[in-house]
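The primary structure of each chain is shown beneath.
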Amino acid sequence: MNIPAKTSHFDVIVIGAGAAGMMCAAQAGQRGRKVLILDHAAKLAEKIRISGGGRCNFTNLDVTVAHYLSRNPQFCRSALARFTPAHFLDMMARYAIPWHEREHGQLFCDDSAQDIIDMLRSECENGQVSWAMPCKLESVSAGSAAGERFILDTSHGRFSCESLVIATGGLSIPKIGASPLGYRIAEQFGLPVVAPKPALVPLTLAPEELEIYKELAGMAFDAVAECGAGRFRENLLFTHRGLSGPVILQASSYWQARDYGGNDGGSQVTVNLFPAEDVRQWLVERARSKTLLGNLLTERLPKRFAHAWCDQRGWNKPTNQFNAKELDAIVDALSGWTITPNGTLGYAKAEVTLGGVDTRELSSKTMEARKVAGLYFVGEVMDVTGHLGGYNFQWAWASGHAAGQAV
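Residues numbered from 1 in each chain as written. Predicted model: local features only at pLDDT ≥ 70, side-chain atom pairs only at ≥ 80, totals over all residues. Heavy atoms only, no water.

> Hey, could you run me through the pairing of strand β1 (residues 9-15) in this one?
Within a regular beta strand, the side chains point alternately toward one face of the sheet and then the other, so they alternate between its two faces. Burial analysis of β1 places five of its seven residues in the buried class, the great majority of the element. Bridge analysis of β1 against strand β10 (residues 157-166) gives six bridges, and the strand direction is parallel. If you follow Val14 over to β10, its bridge partner there is Val165. Strand direction decides the pairing type here: β1 and strand β2 (residues 35-38), joined by four bridges, are parallel. Paired with Val14 across the two strands is Ile37, which belongs to β2. Assessed by its sense of winding, the connection that carries the chain from β1 through helix α1 (residues 19-30) to β2 is right-handed. (Buried < 20%, exposed > 50% of the residue type's maximum accessible area, 1.4 Å probe, protein only. Helix = DSSP H or I, 4+ residues; strand = E, 2+ residues; numbered from the N terminus. Pairing = 2+ DSSP bridges. Right-handed = clockwise from strand over helix to strand, strands pointing away.)

Set out below in structure tokens:
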């Protein structure tokens, strides 16, 4: 993927050929802008390719501002309203890409995530976008000539542009090339960065707690997890290091955001082990049973977990031997098992990155830096983090579209 010979100046240069970058480049190119998209990788859009088990959970039928975390929580509203899941589905329909819906409104490709990559590349080709891949960016500096606001020195030579779009993503999944480049460019031009953290990531437990549950690795069951303003119901999975599964990945973003203003998740995650029914009524109906509590709980929970959980609390005795106060404590514990994680499995296992370029310094309509004319940010590099379930891709499409219409 190379640029046309002797071409060094572009109206728009997009750094990052991922979901948001390609959407932005395609939109700008189809408006008649002369666009170059460059990326350090040799393989196009690897994060799209591996997402959703290779089928790309490309959006969700239910997308609202409430599905995103940010220190500027209303920032994403405008872009999401102007480019909706329906707009993306219209684009897919033009390419006859088959898709299906799974639980919680999640949409996946029927065949392969490669369908999405091919579509975005075709959209770029429709806009006559030029490519430089693989291309190492050596420096970015402010230009001085009219129409040349930015100068980029790269392994392909020097380029200049009027508008520069940063679509470099976050720090998650470093094995496919994640880097802090976008944050460094933001800081170079005086934009603050909300300290990045791994998000949608498995949580680890302290050794003493892990010892209790270490034999349960691989076990999963339905649960509700809450942390701060986040409340989710999906599968919880035990691992050799702690807890994972969709419900924990969801809660992890709020646990990581516990020092965000307005998103205080606290230091604990609370798990309801009886998400489908009234645990108090269930226990009262069985209060006279001579069955060990651990055995009784196997009606709703995996046997090994039920016994480990009861053993930890000294509760593995016949149910009819508990007094009223103890039964109240059991009810509270079953509906509010509190977990205090001691960390996460880091960026290598994180789906996305929490934090990023502070959106209070950006236009919510165009994604342009308020104090740096011509400098735009799209996608995960910004402090906008979606829930699990296609929301982060929808933000990539929406923010890329917003910038692509403005550059």
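> Would you explain the packing of aromatic side chains in this entry?
Working definition: an aromatic ring pair is given by the centre-to-centre distance plus the angle between the planes. The final tally for this structure, using the stated rule, is 19 aromatic pairs. Both rings, one in Phe58 and one in Phe88, keep their centres 5.8 Å apart while their planes meet at 35 degrees; by these two values the pair is tilted. Remark: Phe88 occurs in helix α4 (residues 85-94) and Phe58 occurs in strand β3 (residues 57-60); sequence separation between them is 30 residues. We note that Phe58, like Phe88, is buried. Here the aromatic cluster, defined as three or more aromatic residues joined through ring pairs, consists of Tyr213, Phe221, Phe238, Phe305 and Trp337. (Phe/Tyr/Trp six-rings, centres within 6.5 Å; stacked < 30°, edge-to-face > 60°.)

> Whenever I open this one, unusual backbone geometry confuses me. Can you help?
The omega angle of the peptide bond from Met133 to Pro134 is -10 degrees, so this bond is cis rather than trans. Tracing the chain through its elements places Pro134 in the loop between β7 (130-132) and β8 (137-142). Even without a glycine there, the phi angle at Cys56 is positive, about 60 degrees. Mapping Cys56 onto the fold places it in the loop between α2 (46-50) and β3. A positive phi angle is found at Met367, which is not glycine, with a value near 75 degrees. On the secondary structure map, Met367 appears in the loop between β19 (352-357) and β20 (375-377).

> Looking at this structure, how should I read the sheet that holds β3?
Sheet strands line up and pair through hydrogen bonds in the backbone, either parallel or antiparallel. The three strands lie next to each other as β3-β6-β5, forming an open sheet whose pairing is antiparallel. Two strands bound the open sheet, and with one partner strand each, they are β3 and β5 (99-101). Taking the axes of each pair of neighbouring strands and ignoring which way they run, one obtains an average angle of 30 degrees across the sheet. Looking at chain direction, β3 and strand β6 (residues 106-109) are connected through three bridges and run antiparallel. Bridge pairing links Asn57 to Phe108 in β6. (Axes fitted to C-alpha atoms, helices over the stretch in contact; angles between N-to-C directions.)

> Please clarify how the sheet that holds strand β17 (residues 337-339) should be interpreted in this entry.
One open sheet holds the seven strands; their spatial order is β17-β16-β13-β14-β15-β12-β18, and the pairing between them is antiparallel. Two strands bound the open sheet, and with one partner strand each, they are β17 and β18 (343-344). Sheet topology note: the strand β16 (residues 269-272)/β17 ladder contains three bridges and is antiparallel. Residue pairing for β17: Thr270 is matched across the bridge by Thr338. The sheet strands contacting helix α8 (residues 246-256) are β12 (203-204), β13 (220-227), β14 (230-238), β15 (242-244), β16 and β18, and the helix crosses β14 at an angle near 125 degrees. (Contact = heavy atoms within 4.5 Å.)

> Help me understand the pattern of salt bridges in this model?
Opposite charge on two side chains permits them to pair, given that their charged atoms come into close proximity. Taken as a whole and judged by the stated rule, the model has 15 salt bridges. Glu46 serves as the salt-bridge partner of Arg49, at 2.6 Å between the closest nitrogen and oxygen. Placement of the pair is Arg49 and Glu46 together in helix α2, with a separation of three residues, close to one helical turn. The residue Arg121 makes a salt bridge to Glu125 at a minimum N-O spacing of 3.5 Å. (Salt bridge = Lys/Arg side-chain N within 4 Å of Asp/Glu carboxyl O.)

> I'm lost on the nonpolar core in this one. Help?
Soluble globular proteins: nonpolar side chains tend toward being buried together. Membership of the largest hydrophobic core comes to 86 residues, with the highest contact counts inside it found for Ile48, Ile116 and Trp397. Residues contacting Ile116, with those up to four places away along its chain left out, are Ile48, Cys56, Phe58, Phe88, Met92, Cys109 and Trp397. The next biggest cluster of nonpolar side chains, apart from the first, holds 52 residues, and it includes Leu203, Ala223, Cys227 and Ile339. (Core = buried A, V, L, I, M, F, W, Y, C linked by side-chain atoms within 4.5 Å.)

> Sorry if this is basic, but what is going on with the packing of α1 against helix α5 (residues 114-126) here?
In a packed pair of helices, the relevant descriptors are the angle between the two axes and the axis-to-axis distance. Look at α1 against α5: their axes get within 7 Å of each other, and the N-to-C directions meet at 25 degrees. By the angle between their axes, α1 is roughly parallel relative to α5. Every pair of crossing elements has a handedness; the one defined by α1 and α5 is left-handed. From α1, Met22, Ala25, Ala26 and Gln30 reach across to α5, where they touch Leu120, Arg121, Glu123, Cys124 and Asn126. Class assignment of the residues belonging to the contact of α1 with α5 gives a composition of five nonpolar, two polar and two charged. (Parallel < 35°, antiparallel > 145°, perpendicular 65-115°, else oblique. Left-handed = near helix turned anticlockwise from the far one by under 90°. Nonpolar A, V, L, I, M, F, W, Y, C, P; charged D, E, K, R; others polar.)

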